[in-house]
Amino acid sequence: MPRLSHVARRALAHRLLESRRLRGRGEVLTGHHNTNYVLRVGLLPALLLGVMPFVRFKYRVPLDRVEVVPRIWPREADVLEVVCRHLREVPRCLAVLGDRSVHTYRRGEALSERNPDGAVGEKLMREFAAFFARTARVPVEELPPPPDHWPADGDSDGFLHWLVDFTETRVHQPNRERFGDLFAAVGIPEDAMTRFKENHHGLTTRPFTLLHTDVHRANVVVRRGCITVIDWELALWGDPLHDLATHLVRMRYGKAEQDRMTELWAQAVRKADRGELTAGLHRDLETYLAFEYAQSVFPDVMRAALALPADADEPHFRAAAQQVSRAMGRAREPLRLVDVPDVEQIVEALRKWHSMSAPTAA
């Protein structure tokens, strides 16, 4: 084929992949942040991208969603370039095409399909513990630099307070115009995160490591009893207990499994000669768990409201209210809430918001 510049090859590959996507080719996997199209590479796209033809790959298209999670590195590809050198099972990014990207496809079954809820068992928990230990050993000097004014290595208080400030300034405040009345009606005080920050400090100093921050069932591929953790776009450099806490909550472990997973995590990082990461483990893990429950009320309420269809009826409102009620129940203690509405009151709050808004996809 004629010699094309790098930019021209990428532009042509982009057009070809968009054409296949729009024609409905391949399996479609939708998450909170991206829609992934599992396609088979034809000869021309393979030549343009410099990969083997006729193999399956994942074409990722970002979704237009409410911002609820921090992203400190603009390009997931830059993080994956480092991660894949040390965690060989993680799918590589083959190309960045504007705001879209092409990744190798990892064969296996998503844990969310294989086991959408309930206990995952000792073997998989040991796999998770080993994953966290290996992630903690990724050399920080190989990672892209963090943003300016990022907390210093080991400043666990600074890291937690950065997360709290992000929730307040980038999630809560920007959405008050649209959701402020709904937040108030379901029981979220306007100064919720300010009070949380005032009440949570004095964390033990721990070395910072690479964090995935979103290890839940839909981001885990299982094959032959081994796991692969995908989707690294929300990776951070910070306190490893934050990674453990988000995992414990988002996996929906029961109390016994949370305790066992914590024990296995500690064993794995000590075995990897990173025992210093366990300093202050049990006291500080409770703080990070409290933060996870506290910050999640904002995205949970917004997603429940935004998911209501234009012609929402009673079952829609009740399902959304149950989702909000669960989030408020988890946040009651961390946010020191005194008066949390019951489901009937939440249904009415959602009805009022819906009648005054033009819902879009969450």
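Above: the structure in question.
All of the points below concern the structure found in this document. Every chain is numbered on its own, with residues counted from 1 as its sequence reads. Given that the model is predicted, a residue must reach a pLDDT of at least 70 before its local features are reported, and side-chain atom pairs must reach 80 or more before they are shown or counted; all residues, however, enter totals for whole chains, interfaces and linings. With hydrogens and water excluded, all non-hydrogen atoms of the structure serve as input to the side-chain values.

Turning next to the pairing of strand β8 (residues 220-223). As judged from the two bridges shared by strand β6 (residues 109-110) and β8, these two strands associate in the antiparallel manner. When the bridges of β8 are listed, Glu 109 appears paired with Val 222. With antiparallel pairing between neighbouring strands as the criterion, β8 and strand β9 (residues 226-229) make up a hairpin whose turn holds two residues, including Arg 224 at a positive phi of roughly 55 degrees. Strands are treated as partners if at least two bridges between them are detected by DSSP. By definition, any uninterrupted DSSP run of H or I lasting at least four residues is a helix, any uninterrupted run of E lasting at least two residues is a strand, and each is numbered from the N terminus.

Looking now at the sheet that holds strand β1 (residues 27-30). Whether parallel or antiparallel, the strands of a sheet pair through hydrogen bonds between backbone atoms. Ordered in space as β1-β2-β3-β5-β4, the five strands form an open sheet in which the pairing is antiparallel. Single-partner strands in this sheet number two, and they are β1 and β4 (93-97). When the angles between neighbouring strand axes are averaged without regard to direction, this sheet yields 20 degrees. Judged from the seven bridges that link them, strand β2 (residues 34-40) and strand β3 (residues 56-62) form a sheet pairing that is antiparallel. Bridging across to β3, Asn 34 finds its partner in Pro 62. Note on definitions: a residue-residue contact is assigned when non-hydrogen atoms from the two residues lie within 4.5 Å. Note on geometry: axes are C-alpha line fits, over the in-contact stretch for helices, and angles between N-to-C directions span 0 to 180 degrees. Against the sheet, helix α3 (residues 76-86) touches β3, β4 and β5 (100-104), its axis set at about 165 degrees to β4.

We now examine unusual backbone geometry. The phi torsion at Asp 231 lies on the positive side, around 60 degrees, for a residue other than glycine. Positive phi is not limited to glycine here, since Asp 273 has a value of about 65 degrees. Position of Asp 273 among the secondary structure elements: in the loop between α10 (255-271) and α11 (281-295).

Further remarks concern a positive patch on the surface. Patch membership requires more than 30% relative accessible area and the absence of a salt bridge. Residues of like charge join within 9 Å; the nonpolar side chains Val, Leu, Ile, Met, Phe, Trp and Tyr join within 5 Å. Per-residue accessibility takes into account occlusion by the displayed protein chains alone, with areas from the Shrake-Rupley method and a 1.4 Å probe. A side-chain nitrogen of Lys or Arg and a carboxyl oxygen of Asp or Glu constitute a salt bridge if their distance falls within 4 Å. Counted as positive: Lys and Arg. Counted as negative: Asp and Glu. His and the chain ends are not counted at all. Note on charges: their place is set at NZ of Lys, CZ of Arg, CG of Asp or CD of Glu. Taken together, the side chains of Arg 40, Arg 56, Arg 106, Arg 107, Arg 223 and Arg 224 present a region of like positive charge at the surface. Inspection of the secondary structure puts Arg 223 in strand β8.

Next up on the list: the packing of helix α5 (residues 122-136) against α10. Two elements in contact, α5 and α10, have axes separated by 8 Å at closest approach and are oriented at 45 degrees. Taken together, the axes of α5 and α10 are oblique relative to one another. Crossing angle aside, the handedness with which α5 passes α10 is right-handed. Within the contact between the two elements, α5 uses Glu 122, Met 125, Arg 126, Phe 128, Ala 129, Ala 130, Phe 132 and Ala 133 and α10 uses Glu 257, Arg 260, Met 261, Leu 264, Trp 265, Gln 267, Ala 268 and Val 269. Each angle gets one of four labels, with under 35 degrees taken as roughly parallel, over 145 as roughly antiparallel, 65 to 115 as roughly perpendicular, and the rest as oblique. In this scheme, a crossing is called left-handed if the near helix is turned counterclockwise away from the far one by less than a right angle; it is called right-handed if the turn is clockwise.

As judged from the four bridges shared by β4 and β5, these two strands associate in the antiparallel manner. Residue pairing in the sheet places Ala 95 in a bridge with Val 102 of β5. The antiparallel pairing of β4 with β5 creates a hairpin that spans two residues between the two strands, and Gly 98 there sits at a positive phi of about 70 degrees.

Here the focus is the pattern of salt bridges. Using the criterion set out here, one finds 28 salt bridges in the structure. A salt bridge links Asp 259 to Lys 255, with the nearest nitrogen and oxygen atoms 2.9 Å apart. Of this pair, Asp 259 and Lys 255 both sit in helix α10, four residues apart, which is roughly one turn of that helix. Between Asp 284 and Arg 283 there is a salt bridge, with the nearest N and O atoms lying 3.4 Å from each other.

Spatially, three strands are ordered β6-β8-β9 in an open sheet, and the strand pairing comes out antiparallel. The strands lining the two open edges of the sheet, one partner per strand, are β6 and β9.

The rule for a disulfide is simple: a pair of cysteine sulfur atoms within 2.5 Å. Counting across every chain of the model gives zero disulfides. A disulfide-free cysteine, Cys 84 has its sulfur positioned 8.8 Å from the sulfur of Cys 93, the nearest such atom. We call a residue buried when its accessible area falls under 20% of the maximum for its residue type, exposed when it is over 50%, and partly exposed in between, using a 1.4 Å probe and counting protein chains only. The exposure class assigned to Cys 84 is buried, which follows from its relative accessible area of 12%.

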